[in-house]
Amino acid sequence: MFGLKTDWALEPRPRLFYIDDYEGALPRWCAGCGDHAVLGSLQRLMRDEQLPPEKTVVVSGIGCSSRFPHYVSTYGFHGLHGRAFPVACGVRSRRPDLNIFVATGDGDCCAIGAGHWLHAIRYNMKMTVMLLDNNIYGLTKKQTSPTSRPGQKSNTHPRGNPLPALDPVRATLGITNVSFVAQTVDWNPLHVYATLQAAHRHNGFAFVRIIQRCPHFMDHAFDEFMRGPDKVLMLTHENGVQVDDSIKRLFRNTMSHDPANYDEAMDIAARTDVLPIGLLYQNKDAVRYDQITAAGMEMTSAEKLAAMNKELDRFLI
Amino acid sequence: MRVPPAGNAPDPSLVAAVRLFHAAGRSQDLPPEADGPLMPAVALGLMDAEHWRASLPLVVAGPGQEPVPMLRFLEAAADAAIKAGHSVGGVRQMLTLVTRAAGEWLTGNNTAATLPQVMDQVSRVFPGQVDTTSKGAVKLRDEWNTLRGTLPVDARVIGLGDETLPLLALLAEQDRHRPARQAFLQEVRSLARSLSDLLRAERARNGGDQAAPSLGALAADFVDPKAFAAAQPAARGPVGMDPAQRSRVEKALQRLEEHLAAQEKVPDVMVLRVQGSTLGASLPQSCVQDHARPLAAAQKLYDDLVTKANEVLRATRLARLALAGQYEPGRHDVLMEQLDLSTATSGERFALPAIVVLETGEQVRAEGLDALAGVLTGQRPIHVIVSEACNPEDIHPAGRPGSLADVALAYRETFVLAGTVANPQHLDAGLRTLASRLRPGVVVVAVPKTQAPLPAALWARLAWEARVTPCFRHDPDAGDTWAQRFDVEGNPAPEQAVLSRTHKVDGAPAGVELPASYAALALLSPAWRKHLRVLPELQWDVELVEFHQGMVNRDERRVPFTWAVQDNGTLQRVVMSNALCVACQERVQAWRLLRELGGVENSHAKRAVEAALAGARQESEQGRKADQQAHAVELEALRQNAASDTLDRLVAVLLNMESMPAPAPSAPRVEAPAAKAATAAPVAPATPAASPTPPPPAAAAAVSEDPYTDSALCTTCNECTHINGRMFKYNANKQAYIADATAGTYAELVKAAEKCPSRCIHVGTPRAGDTTATPELLTRAKAFM
């Protein structure tokens, strides 16, 4: 009578997704690779947030970590080297209804894609960026990357890297209109999950650097942090990454840090004695370019044509 | 849902027509519209998950257990299953659907069924109602079967229907009376046994039965045992009863045995109903009795029960005294005659079967209110359970028949409960309280029956929220004053006169306030239909006022309206006639009266508080003014005297200058002892005299023999599953656990632990007979214990 079903449910049938619904091809990463932990955490996040696979897209560039789209059964775009961000921004501009995840590596993001990276931060379009940083080019068999630490030996620098490493966190914090910067470590999947969850819920460009081991080419590179929990500084705050007490027990070295405090975030990022993990900075009020590019999306073709003609009519003599 | 755009300037003729419709009910000047009920906008979105968490159906897990809302019960079961390691996370999210499907099936069929039956019925539609992938559907089905397997098989589910009230009432009375009856029967059984033993001993003594074996076979030839027994002095054997006492004891035993034999057939609860009534059809037939006039029959039945109970009570008292050898005929015979149930303990009074009269409101009125009054004034613990119809056709311009709960309130020593199936927890709690009271009680419950135009559950909730079927309870045992006896708990937001919800709609960012009022119910009532008129969208600029706002400060020029919703989800304004406004106001006033009685909002108390506050303010203001005046006077006096005082002092100083002593050096500051103590160096905390030595570390940490994983820390790297895919498997979170420790060797376990990047594998100790557990391997394994 009222167009309502007898069970007065106006909503369509509820949908339910399991973790299997997000599993794509069998991962071809090396056994023990940190990418597995990130993939598992991301799939759990998608399941827990019940993201419809057809409303989710994973975009990547080139590299080990950029094989991500193959292993997640959502929409995916395995793009050009360094060009994950332009593709993701394009998707965001035309399809603001999608959940966008960007998987990129230290070479893909911080070397060849650095220019796109900076502007994507400034655009502040809503997406979750996972920078899987293993300090090495793994796919091409061990070459120095921008984040390789000084002295680190590789095929390109057999006597050790002569340059200081680029810090992606400080670099991101330094860009105008930055809105979300966090850091986590792959060997604690619970923290990875909590950080990705906070990033996904952020309305803007959420940049998460994930320190990630490469057991094949960079074995033991992060042992000092893995074996020495005191070398890791966990940032806690009511507005930060919310983690379980069981995780807090693993990291005895904690610090309360308000993510709204930019200066303190810069100071923490600059520390070399410890590896900070958690949410360093968040600005919920930063301008979002995708809200501007999405203007007029609801217009029909006829309305667009009419509006264009109206604009052109202004130039009639 | 959206709000249509505002229209043009109002058409003066339409304004006049709307006002005429409101004042005189004339609608011919208004544009025609289709007949049929309108959908109240507030009805949308009432059935959220929170509703199901506190609503029907109810689950009774077992005998003596209180009913629990089904959604909560299933959620607790799912949580327990998850804790036990079962994977039921997906079905846990969909339990609202399950509950809804169960509620619909029960309403359409039996009202009550066993939990396995309900789950089987629901499984026919679930998980088909959930949209999943094919893999997800298989998983969901597996989870469903897992959860189904953990549920108790003897649990019962009670849904919304005609039988909801009878079933809940029966459970409440049974739970109260059954333990008391069983305890009393046990005592009667024990007393009867003891009396029987006493009489057997008495018979033996008198008959010389005990003397014969004592004398032996040889003596029996020349000594008569009876004569021998009779010749013995009384002090050497059991004291014999006098014939009168023996007769009393025999009668008491007979009475107790008759009672025991009779009680096997007597149910714990006796339900009386009108002949031919279908109410209570689901109750056991052994406890239901049909009568032409059940209220009168209940009184007679109770009186008969009391007559018999008095005899049993005397028999028990006599038995106790006789067994203790303390019965004194001179004293106790008189007392026994006066003994009746009023002197019994509460446990003995509850041992009587509960008497419940089960009727509809119409049946009670047909039998006559004098019959009800007879029950309520009779001091008999007869509980009258009334199922009052509450359907759209009962919302009528002629008004509803007077509520029987209101009538019962007039008998101030009666327990009264007004409830609704929309709040079954309040109803159940009230019924259980009533079951524990030994006084007359009336329970009046609104039970909807029709499924159209709204489902019964939704209609019941709407009527409850609109205060048309409010809940209240009057319990004379709770205290002496109205404030202690009467409460309106169990109503949604009792502090509000009109409950309203904010609904998000397109075009109105702040949302629209949709009140749940009598007007919302009137939209669905055919009798009120001609008092309501949908106003075309384009004429919304006519001066209107929302009904519940208009009540506060009524502007006669503005016509009240309420919100309806169209098929396409668009809100409509529906103007109301004056008659409907009056009916709505009557409900609001009735609700205000109830709130005042319940002490939620009492206008008298408010006025008293305001008066007290005003008095206190006035008093403090007067005090302040008086202080100010006194201060001003004092200040003026000081000013006037200050000059002369100063001059006098100066003259005195000048005159005595030569004799003035030299100013004394300022006294050295002496620190107060307390200050010294405070500034002293902090004393080191005293060492406890007998400082307990820390407990020695456990001799050996209790290490589990079996291997295990900290699955939450697993990084899903596939190392262990590559080593042995049968030993290590992934759980629902895609994190590894040891599925079968016997599926591989200890060497594989240790190898997996060494490879694991998160070190979450703990190898335990090797199984007996595992040849791979060499000393070298055990040394390696130590790091992963």
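Residues numbered from 1 in each chain as written. Chains lettered and ligands numbered in written order. Predicted model: local features only at pLDDT ≥ 70, side-chain atom pairs only at ≥ 80, totals over all residues. Heavy atoms only, no water.

(A) Structural detail: the overall build of chain A. Helix and strand counts for chain A come out as 12 helices and 11 strands. Here the C-alpha atoms of chain A give a radius of gyration of 21 Å, agreeing with the 20 Å that 2.2 N^0.38 yields for 317 residues. Across chain A, contacts joining residues at least 24 apart in sequence account for 68% of those joining residues at least 6 apart. Once the 34 positive and 33 negative side-chain charges of chain A are each reduced to a mean point, those two points are 5 Å apart. (Helix = DSSP H or I, 4+ residues; strand = E, 2+ residues; numbered from the N terminus. Rg over C-alpha atoms; globule rule 2.2 N^0.38 Å. Contact = heavy atoms within 4.5 Å. Lys, Arg positive; Asp, Glu negative; His and termini not counted. Charge placed at Lys NZ, Arg CZ, Asp CG, Glu CD.)

(B) Seen up close, the overall build of chain B. Within chain B one finds 28 helices and 23 strands. In chain B, which comprises 785 residues, the proportion classed as buried is 45%. Approximately 40000 Å² of chain B is accessible, and the part contributed by carbon and sulfur atoms is 55%. (Buried < 20%, exposed > 50% of the residue type's maximum accessible area, 1.4 Å probe, protein only. Areas by Shrake-Rupley, 256 points an atom, 1.4 Å probe, with all protein chains shown as cover.)

(C) Highlighting helix H5 (residues 114–123) of chain A. Residues and elements named next belong to chain A. For H5, the set of buried residues is Trp117, Ala120 and Ile121. Each buried residue of H5 lies within a common arc of 100° when the element is viewed along its axis, so the set occupies one face. Buried residues belonging to H5 abut helix H3 (84–94), helix H4 (106–112), helix H6 (168–173) and strand E8 (205–211). Immediately beyond the C-terminal end of H5, within one or two residues, lies asparagine 124, with a positive phi of roughly 55°. (Arc of directions from axis to C-beta.)

(D) Spatial organisation of the pairing of strand E1 (residues 56–60) of chain A. Residue and element names in this part refer to chain A. Buried residues dominate E1, accounting for 5 of its 5 residues. Pairing between E1 and strand E3 (residues 99–105): 5 bridges, direction parallel. Within E3, the position partnered with valine 57 by the bridge is isoleucine 100. Bridge count for E1 against strand E2 (residues 75–78) is 4 bridges, and the pairing is parallel. What sits directly across from valine 57, in E2, is tyrosine 75. (Pairing = 2+ DSSP bridges.)

(E) Here's a closer look at the interface of chain A and chain B. Each partner contributes residues to the interface: chain A has 38 residues there, and chain B has 45 residues. For the pair chain A and chain B, the summed buried surface comes to about 3500 Å²; carbon and sulfur atoms form 58% of the total. At the boundary of chain A and chain B, one finds 2 salt bridges. Here B:Lys139 ties to A:Asp20 by a salt bridge, and the two come within 3.2 Å at their closest N and O atoms. Summed over the shared surface of chain A and chain B, the number is 11 residue pairs in polar contact (both at pLDDT 80 or more). Elements supplying a minimum of two residues to the side of chain A that touches chain B: helix H1 (35–48), helix H7 (189–201) and helix H8 (223–227) of chain A. In terms of residue count, H1(A) provides more of the side of chain A that touches chain B than any other element does, 7 residues in total. Taken together, the residues of the side of chain A that touches chain B break down into 19 nonpolar, 7 polar and 12 charged. (Buried area = accessible area lost by both parts, 1.4 Å probe. Salt bridge = Lys/Arg side-chain N within 4 Å of Asp/Glu carboxyl O. Polar contact = N/O pair within 3.5 Å; in protein donor to acceptor, adjacent residues only side chain to side chain. Nonpolar A, V, L, I, M, F, W, Y, C, P; charged D, E, K, R; others polar.)

(F) Representation of the packing of aromatic side chains within the structure. Residues and elements named next belong to chain A. Applying the stated criterion across every chain yields a total of 12 aromatic pairs over all chains. Ring centres of phenylalanine 85 and phenylalanine 205 lie 5.8 Å apart, and the angle between their planes is 45°; on these two criteria the pair is classed as tilted. Of the two residues, phenylalanine 85 is situated in helix H3 and phenylalanine 205 in strand E8; the sequence distance between them amounts to 120 residues. Accessibility assignment for this pair places phenylalanine 85 and phenylalanine 205 in one class, buried. (Phe/Tyr/Trp six-rings, centres within 6.5 Å; stacked < 30°, edge-to-face > 60°.)

(G) View of a nonpolar patch on the surface. Taken together, the side chains of B:Leu647, B:Leu650, B:Val651, B:Leu654 and B:Leu655 define a hydrophobic patch exposed on the protein surface, amounting to about 520 Å² of accessible area. By the element assignment, B:Leu647 lies in helix H24 (residues 603–655). (Patch = residues over 30% accessible without salt bridge, like charges linked within 9 Å, V, L, I, M, F, W, Y side chains within 5 Å.)

(H) Fine view of the sheet that holds strand E5 (residues 156–158) of chain B. Residues and elements named next belong to chain B. The strand order across the open sheet formed by 4 strands is E3-E2-E5-E4, and the pairing between neighbours is antiparallel. The sheet is open, and its two borders are formed by strand E3 (68–69) and strand E4 (112–114), each paired with just one other strand. Looking at chain direction, strand E2 (residues 58–60) and E5 are connected through 3 bridges and run antiparallel. Bridge pairing in E5 links leucine 58 to isoleucine 158. The strands that helix H6 (residues 115–125) touches are E4 and E5; relative to E4, the one it contacts most, it runs at about 95°. (Axes fitted to C-alpha atoms, helices over the stretch in contact; angles between N-to-C directions.)

(I) The arrangement of the side chain of B:Ser387 in detail. Residue and element names in this part refer to chain B. Tracing the chain through its elements places serine 387 in strand E9 (residues 382–389). You can call serine 387 buried: its relative accessible area is 6%. Residue contacts for serine 387: discarding those within four places in its chain leaves Leu165, Leu279, Glu359, Thr360, Gly361, Val445 and Val447.

(J) How the structure looks around the side chain of B:Asn423. All names here are of chain B. Position of asparagine 423 among the secondary structure elements: in the loop between strand E10 (415–420) and helix H18 (424–435). For asparagine 423, a relative accessible area of 10% corresponds to the buried category. Not counting residues up to four positions away in its chain, the partners in contact with asparagine 423 are Trp464 and Gly490.

(K) Representation of the confidence of the model for chain A within the structure. Summarising the model, chain A shows a mean pLDDT of 91, and 96% of its residues fall at 70 or more. Long-range and interchain partners of residues 1–10 of chain A, a stretch whose pLDDT sits below 50, account for 23 contacts in this model, where long-range means more than four residues apart. (pLDDT = per-residue confidence, 0-100.)

(L) How the structure looks around the pattern of salt bridges. Evaluation of the coordinates by the stated rule reveals 53 salt bridges over all chains. One network of salt bridges, in which partners are shared, links B:Glu413, B:Arg437, B:Arg439, B:Asp475, B:Asp477 and B:Arg485.

(M) A look at the sheet that holds strand E11 (residues 441–447) of chain B. All names here are of chain B. Taken in spatial order, the 8 strands of this open sheet run E7-E6-E8-E9-E11-E10-E12-E13, and their pairing is mixed. One side of each edge strand has no neighbouring strand; the edge strands of this open sheet are strand E7 (288–291) and strand E13 (486–487). Pairing of strand E8 (residues 354–360) with E9, which is carried by 6 bridges, proceeds in the parallel orientation. In the strand pairing of E9, threonine 360 is matched with serine 387. Lying over the sheet, helix H12 (residues 294–324) contacts strand E6 (269–274), E7, E8 and E9, oriented at roughly 175° with respect to E8. Across the sheet, H18 touches E9, E10, E11 and strand E12 (472–474), and the angle it forms with E10 is around 160°.

(N) Structural detail: the nonpolar core. Residues and elements named next belong to chain B. Within the largest apolar cluster, 84 residues are counted, with the highest numbers of intra-cluster contacts made by Met70, Val118 and Phe126. Here methionine 70 is in contact with Ser55, Pro57, Leu58, Val59, Thr99, Ala102, Leu115, Val118, Met119 and Val157, once residues within four sequence places are set aside. Listed in part, the 60 residues of the second largest apolar core include Met241, Ala252, Leu313 and Ala344. (Core = buried A, V, L, I, M, F, W, Y, C linked by side-chain atoms within 4.5 Å.)

(O) Helix H7 (residues 134–150) of chain B, seen in detail. Residue and element names in this part refer to chain B. With 17 residues, H7 extends 25 Å between its outermost C-alpha atoms, agreeing within 8% with the 24 Å of an ideal straight helix rising 1.5 Å per residue. Among the residues of H7, Gly136, Leu140, Glu143, Trp144 and Leu147 are the ones counted as buried. Summarising the axial view, the buried residues of H7 lie within an arc of 105°, below the 170-degree limit, and thus occupy one face. Facing away from the buried surface of H7 by more than 90 degrees, the exposed residues are Ser134 and Gly149. On its buried side, H7 packs onto helix H3 (70–83), helix H4 (89–93), helix H5 (95–108) and H6. (Expected span 1.5 Å × (residues − 1).)

(P) Quick peek at the confidence of the model for chain B. All names here are of chain B. Per-residue confidence for chain B averages 82 on the pLDDT scale, and 86% of its residues sit at or above 70. This model gives residues 661–704 a pLDDT under 50, and the stretch forms 4 contacts once residues within four places in sequence are excluded. Our summary of model confidence lists the complex with pTM equal to 0.73 and ipTM equal to 0.81.

(Q) Highlighting the state of the cysteines. All names here are of chain B. Counted according to the given criterion, the structure contains 0 disulfides over all chains. Cysteine 584 takes part in no disulfide bond, and the closest cysteine sulfur to it belongs to cysteine 581, at a distance of 6.2 Å. Given the relative accessible area of 1%, cysteine 584 is considered buried. The closest cysteine sulfur to the non-disulfide-bonded cysteine 756 is located on cysteine 760, 3.7 Å from its own sulfur. A relative accessible area of 12% places cysteine 756 in the buried class. (Disulfide = S-S within 2.5 Å.)

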